[in-house]
Amino acid sequence: MQGVRTTDVLVIGGGLAGERAAIEAATAGLDVVLLSLVPPRRSHSCAAQGGMQAALGNCTKAEGDDPTLHFVDTVKGSDWGADQEVARIFADEAPVAVRELAHWGVPWTRVRPGRNTYFVKGERVEIEEPEDKAGLIMHRNFGGTAKWRACYAAAGTGHAVLYAVDGEVVRLGIEVLDRMEALSLVHEGGRCFGAVVRCLRTGTLGALLAKATVIATGGHGRIYGAHTTNATINEGTGAALALATGVVPLGNMEAVQFHPTGLVPSGILVTEGCRGDGGHLLNARGERFLVDLEPEKQELASRDVVSRHMMQQIKDGLGVDSPVGSHLWLDLRHLGEKHLATKLREVKDICRDFLGIDPARERIPVRPTQHYSMGGIRVNKDGQAYAMQGLFAVGEAACWDMHGFNRLGGNSLAETVVSGRVVGQRIVEFARRASLDASAALASEFAVEAEKRVAAWLARPSGGASVFDVRDAMAEVMLSQVGVFRTGPELEQAVEALRQQQRRLDSASLRYTGPGLNPELTFALRLEGMLRLARITAQGALERTESRGAHARLDHPDRDDAAFLTRTLARWSDGADEPKLTSEPVGLIDLPPGDRGYGKTTTREMSVSIEAYNAGVETAWRAEGWLPTAEPVGSRLPEGDWEERNLSRPTPDRIE
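Quick caveat: nothing in here was measured; it's all calculated off a predicted structure. (Residues numbered from 1 in each chain as written. Predicted model: local features only at pLDDT ≥ 70, side-chain atom pairs only at ≥ 80, totals over all residues. Heavy atoms only, no water.)

Peer 1: Looking at this structure, I do not really get the nonpolar core. What am I missing?
Peer 2: The tendency in soluble globular proteins is for nonpolar side chains to be buried as a group. Counting residues in hydrophobic clusters, the biggest one holds 137 residues, and the most contacted among them are Val9 and Trp400. No other element matches helix H15 (residues 519–543), which puts 13 residues into this core. Sequence-distant contacts of Val9, that is, excluding residues within four places in its chain, are made with Ala25, Leu30, Asp31, Val32, Val33, Ala210, Ala212, Val214, Ile427 and Ala431. (Core = buried A, V, L, I, M, F, W, Y, C linked by side-chain atoms within 4.5 Å. Buried < 20%, exposed > 50% of the residue type's maximum accessible area, 1.4 Å probe, protein only. Helix = DSSP H or I, 4+ residues; strand = E, 2+ residues; numbered from the N terminus. Contact = heavy atoms within 4.5 Å.)

Here is the structure:
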């Protein structure tokens, strides 16, 4: 693409969240252009395996489930780091989104009436499924939930959902520009007008101007290099675009989730559905260590808790030695060949293709691997970015913030379609009343700056460090010092080591400087942003001197609700060498902080009343760039609803 063109809505990112937002806009009659690094059906959404959380209550073990229970589980899972109103919106809307997907053709696994065999807490049990539920969407158990709630399509849920949603994109005739990426946002005076884009095939640049711009580029797990379950395209391009404006903050970047079961040595995800269906985690002695460590939830405590227990087993010398480091075992053998060939078919295929083993007969080597970024572009409940009119973000690229400091399994896949749907409605409202009053001169100004960036890389003298060497060094720092367990001294070392890699990048050079298709140049243009994301992650972890969810400080093991019931915000001003970190309240509190029911820890309680805390939320948010929402703050949070359901009030495990 060359020159300048216009549209109503520009969506940057072709995965589930971006496509669902695009569908909402196109259905409303708006002109939509969707930009994607790869053909949409190759997006990372396709890799999701185990399920999508929605409180439908269709099977016996889901009886009595409803959005209120889902809300409570999500807030507890977040370790009270979530915006509770957003968590409530999500829980309320998830059943609608899942049923809509069924209408679009997702082949959900369905309830089979009569006696069915399951494994619950390691024991084989038979459960009678009622006749009146026959054919309804079935659920499986996932970590940190009170009921079976994960709707699934065998172990290929993401694949099935993405193909169905992409089918709607095709049906609506939405224009998709694949193998294209955004290099910078076009903005002026706190208003976003689109993006400068680059064709990955030809290297040509152009500008796409839009009334509303949506970032839906997924996570940034590749700042951990190969030590992640993320696809190679998950390099944080969207978060880096927003950060480069100098005014849009990123939220909670220190909140990084490690999935308990990454395949060793590849790091490929082995779904939580394996444990949900009754799989066991074993140490080198063949012991199910979580039975004693988490007697209530066992293998189905939340991911942050299970990952910490696993890493502690390895630290204690109970890991299985191998040429690629210590690991633990995931044992599915007792589930049987038939179960693995149907409900966990993709896991069976992955084990065969990448390890040459049959999980029906052999144990699977696993260890915690970086998996998900709770942090991202800070947006309000309408999905609009702080301090930037016309810029929206959805999915993992956004800090919406329903996950806080730990995401429950299945909540992210559900979030993609729920946030795409909910935020998509606000995007429509915004685009209908907005005018596209950006000049071609403004677009040209940003395009010229992008051209200069490209030209500067191509003109660098040879002999400098390889950009891939810089990437690998960054990844090793992140894995070794910003991993499952963190300490102040290690984080200080990480921040300094990442500074050094940024300086090293200043003198790095390309091995190939030809025009057109140039993957090395493409990566070089992204690496500066990746290093900034890594720096902010390490800096945020250093400054948060408590443990909350996936952020586990060995030198500060207590959760500190007095000082850190906050969300970290990070900005990087143009020309600055360092990020600026501030904080804001997590949001209105309805469910008070307390014990999660797993991963026991001690807590420093809030130093103010919940009423006083809530009274200051909106003012503090406005000071950080929060933009007013279509509905007042708190309007979607039914106060005390969880109490009316006779749910027990969480009791904090206090420290004096």
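Now that the structure has been shown, we can carry on.
Peer 1: Is there a simple way to think about the environment of Glu644 in this case?
Peer 2: Here Glu644 lies in helix H18 (residues 641–644). Separated by 576 residues in the primary sequence, Glu644 and Thr68 place their C-alpha atoms 9.9 Å from one another.

Peer 1: Where do I start with helix H2 (residues 67–77) in this structure?
Peer 2: With respect to burial, H2 is a largely interior element, 10 of its 11 residues being buried. Of the positions making up H2, those classed as buried are Thr68, Leu69, His70, Phe71, Val72, Asp73, Thr74, Val75, Lys76 and Gly77. The inward-facing, buried residues of H2 abut strand E3 (52–53), helix H3 (84–103), helix H11 (411–433) and H18. Put simply, Asp66 is the residue that caps the front of H2, since its side-chain oxygen is 3.1 Å from the backbone nitrogen of Thr68. At the C-terminal side of H2, Asp79 shows a positive phi close to 55°. (Polar contact = N/O pair within 3.5 Å; in protein donor to acceptor, adjacent residues only side chain to side chain.)

Peer 1: What is the right way to read the packing of helix H14 (residues 488–506) against H15 from this model?
Peer 2: Two quantities define a packed helix pair, namely the angle between the helix axes and the distance between the axes. Remark: H14 packs on H15, axes separated minimally by 9 Å, with the N-to-C direction vectors making an angle of 160°. As judged from the angle between their axes, H14 and H15 are roughly antiparallel. Pair H14 / H15 crosses with left-handed handedness. Of the residues in H15, those touching H14 at Gly488, Leu491, Glu492, Ala494, Val495, Leu498, Arg499, Gln501, Gln502 and Leu505 are Leu527, Glu528, Leu531, Arg532, Ala534, Arg535, Ala538, Gln539, Ala541 and Leu542. (Axes fitted to C-alpha atoms, helices over the stretch in contact; angles between N-to-C directions. Parallel < 35°, antiparallel > 145°, perpendicular 65-115°, else oblique. Left-handed = near helix turned anticlockwise from the far one by under 90°.)

Peer 1: Even after reading the chapter, I still don't get the state of the cysteines, so can you show me in this structure?
Peer 2: Tallied over the full model, the rule gives 0 disulfides. The thiol sulfur of Cys399 is not disulfide-bonded, and the nearest other cysteine sulfur, from Cys192, lies at 19 Å. For Cys399, a relative accessible area of 0% corresponds to the buried category. (Disulfide = S-S within 2.5 Å.)

Peer 1: Before we go on, may I ask you to explain the pairing of strand E13 (residues 256–263) in this structure?
Peer 2: On any regular strand, side chains alternate: one points to one face of the sheet, the next to the other face. Counting buried positions along E13 gives 8 out of 8 residues, so the element sits mostly inside the fold. Across 6 bridges, the pairing between E13 and strand E16 (residues 364–373) is antiparallel. When the sheet's bridge partners are listed, Phe258 is paired in E16 with Gln370. (Pairing = 2+ DSSP bridges.)

Peer 1: I'm lost on the packing of aromatic side chains in this one. Help?
Peer 2: Aromatic ring pairs are defined here through the distance separating the ring centres and the angle between the ring planes. In the structure shown here, the tally under the stated rule is 5 aromatic pairs. Taking NZ or CZ as reference, Arg407 lies 4.2 Å from the ring centre of Tyr372, over its face. In this structure, Arg460 packs its charged tip against the face of Trp457, placed 3.8 Å from the ring centre. (Phe/Tyr/Trp six-rings, centres within 6.5 Å; stacked < 30°, edge-to-face > 60°. Lys NZ or Arg CZ within 6 Å of the ring centre and 35° of its normal.)

Peer 1: Looking at this model, I keep getting lost on helix H12 (residues 440–459). Mind explaining?
Peer 2: Since the α-helix packs 3.6 residues into each turn, any two residues three or four apart lie on the same face. Look at H12: 28 Å from first C-alpha to last across 20 residues, which is about the 28 Å you get at 1.5 Å a residue. Among the residues of H12, those classed as buried are Leu442, Ala443, Phe446, Ala447, Ala450, Val454 and Trp457. For H12, the arc enclosing every buried residue in end-on projection is 135°, short of the 170-degree limit, so these residues lie on one face. In H12, the exposed residues that point more than 90 degrees away from the buried face are Ala440, Ala441, Lys452 and Ala459. (Expected span 1.5 Å × (residues − 1). Arc of directions from axis to C-beta.)

Peer 1: I would appreciate a short explanation of the side chain of Ser509 in the present structure.
Peer 2: Turning to its location among the elements, Ser509 is positioned in the loop between H14 and H15. Aside from chain neighbours lying at most four places away, what touches Ser509 is Trp457, Arg460, Pro461, Ser462, Gly463, Gly464, Ala465, Ser466, Val467 and Glu520.

Peer 1: So what exactly am I meant to see when it comes to the pattern of salt bridges here?
Peer 2: Side chains that differ in charge, positive against negative, can pair when their charged atoms come close. Using the criterion set out here, one finds 59 salt bridges in the structure. Between Lys211 and Asp8 there is a salt bridge, with its nearest N and O atoms 3.5 Å apart. Separated by 203 residues along the polypeptide, Lys211 in strand E11 (residues 205–215) and Asp8 in strand E1 (residues 3–12) bring together distant segments of the chain. By relative accessible area, Asp8 is classed as buried at 16%. A salt bridge links Arg285 to Glu287, with the shortest nitrogen-to-oxygen separation between them at 3.9 Å. Judged by relative accessible area, Glu287 falls into the partly exposed class, the value being 37%. When salt bridges with common partners are traced through the structure, they connect Asp79, Glu254, Asp304, Arg308, Arg544, Glu546, Arg548, Arg559, Asp561 and Arg596 into a single cluster. (Salt bridge = Lys/Arg side-chain N within 4 Å of Asp/Glu carboxyl O.)

Peer 1: Could you clarify how one ought to interpret unusual backbone geometry in this entry?
Peer 2: Comment: phi is negative for the bulk of residues other than glycine, and the bulk of peptide bonds are trans. For the bond running from Val264 to Pro265, omega is 10°, close enough to zero to count as cis. Position of Pro265 among the secondary structure elements: in the loop between E13 and helix H6 (273–276). For Ala154, which is not a glycine, the phi torsion comes out positive at approximately 50°. Owing to a relative accessible area of 11%, Ala154 belongs among the buried residues under this scheme. Of note in the backbone geometry, Arg179 takes a positive phi value of approximately 55° without being a glycine. Within the element layout of this structure, Arg179 appears in the loop between strand E8 (175–178) and strand E9 (180–188).

The analysis is restricted to geometry; functional conclusions fall outside its scope.
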